[in-house]
Structure formats: C-alpha cells, structure tokens
Amino acid sequence: TPNKDIIVRDEKTVSVRHKSHWTYESHVLFGRDDGLAQLQNVAMVEIPPNSFAQPHSHGPEVEEVWSTIDSGMEFMLGKHVRKIEQGYCYMVPPDGKSFHATYNTTGKTIRTFYFGMYDGTV
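This one's a predicted model, so the numbers in the text were calculated from it and none came from an experiment. (Residues numbered from 1 in each chain as written. Predicted model: local features only at pLDDT ≥ 70, side-chain atom pairs only at ≥ 80, totals over all residues. Heavy atoms only, no water.)

### Regarding the packing of aromatic side chains
In step 1: This structure, assessed with the given rule, holds 5 aromatic pairs.
In step 2: Between F75 and Y90, the aromatic rings sit 3.7 Å apart at their centres with planes inclined by 5°, giving stacked as the arrangement. With a gap of 15 residues between them, F75 in strand β6 (residues 73-77) and Y90 in strand β8 (residues 89-91) connect regions that are remote in the sequence. There is no split in this pair, since F75 and Y90 are both buried.
In step 3: Here F113 and F115 contribute two aromatic rings whose centre-to-centre distance is 4.9 Å and whose plane-to-plane angle is 80°, an arrangement assigned as edge-to-face.
In step 4: Among the residues examined, F113 registers a relative accessible area of 24% and is labelled partly exposed. (Phe/Tyr/Trp six-rings, centres within 6.5 Å; stacked < 30°, edge-to-face > 60°. Helix = DSSP H or I, 4+ residues; strand = E, 2+ residues; numbered from the N terminus. Buried < 20%, exposed > 50% of the residue type's maximum accessible area, 1.4 Å probe, protein only.)

Here it is in structure tokens:
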C-alpha cells in the first residue's frame, strides 16, 4: 500500500542495511515497509576506492537501474567494460546471462543511486 505522507531521509544518516557482491554498501532510503509499492528498494550504494563488485547476472524476476552520482564509475557487462559518466544510468538486462559488475577506479569512494525490484534472493 503506498504511503499517504511524504517521507524525507538524508542519505548520510541512513545506516548500511545491505552489504553484497564483495564491495557494495547499500544505504536503503526507501523500501516496502515505507509504502514503496512497485519498486522494492531505492538505495544509495557506496563503492570503495579501487574496487569492483562480484560479477553476477539476474533472471527475469529482477530489474535494477544504477545511476551515477560521482564520477569515476565503470561497469562490466559481459566481456565489455564501459565508463559511465556522472549523471548517467544503466539498466541491467534480466536475461540470466549478462554478467555485470560495477568498478571504482578512483582513489575515493563513489556513490550510485540504485532502484531495484527483485525476489529478495539477490
């Protein structure tokens, strides 16, 4: 059931709720408990300096979109690594075959904005 009241959260005060795929530290801003009806999670994900996440794929039950906030993000999709400019986003193909991972090639932590819908097993 969608929430009828506005919810405002500061990403700096939301504790890390999920650690996954080796390096992701997800500060979940809104979830189903907040009345998020279609999306399952909206999160700020931090990627530590000079690191990359575990390459993985998702099946048809998973949709996720990653949007860059800080510069320096790269992502692997299949065999290709692409640089994602600040302010751009990408959607992961839910085909169970397209392995993907996010890279941080800088010397500082970078942040990404994450929107996800999944069955809870990823």
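There is more to say, and it comes next.
### What about the side chain of S98?
In step 1: As for its placement among the helices and strands, S98 is situated in the loop between β8 and β9 (100-104).
In step 2: Using a relative accessible area of 15% as the deciding quantity, one classes S98 as buried.
In step 3: Within the structure, the side chain of S98 is placed 2.8 Å from the side chain of D95, a separation counted as a polar contact.
In step 4: Once residues within four sequence positions are removed from consideration, S98 is found in contact with H56, S57, L77 and P93. (Polar contact = N/O pair within 3.5 Å; in protein donor to acceptor, adjacent residues only side chain to side chain. Contact = heavy atoms within 4.5 Å.)

### Some words on the sheet that holds strand β2 (residues 24-31)
In step 1: One open sheet accounts for 6 strands, arranged β1-β2-β3-β10-β5-β8; its pairing is antiparallel. Two strands bound the open sheet, and with one partner strand each, they are β1 (18-20) and β8. Ignoring strand direction, the axes of neighbouring strands in this sheet form an average angle of 25°.
In step 2: Summarising the sheet, strand β5 (residues 63-68) and β8 pair through 3 bridges and their orientation is antiparallel. The partner of V65 across the bridge, within β8, is M91. (Pairing = 2+ DSSP bridges. Axes fitted to C-alpha atoms, helices over the stretch in contact; angles between N-to-C directions.)

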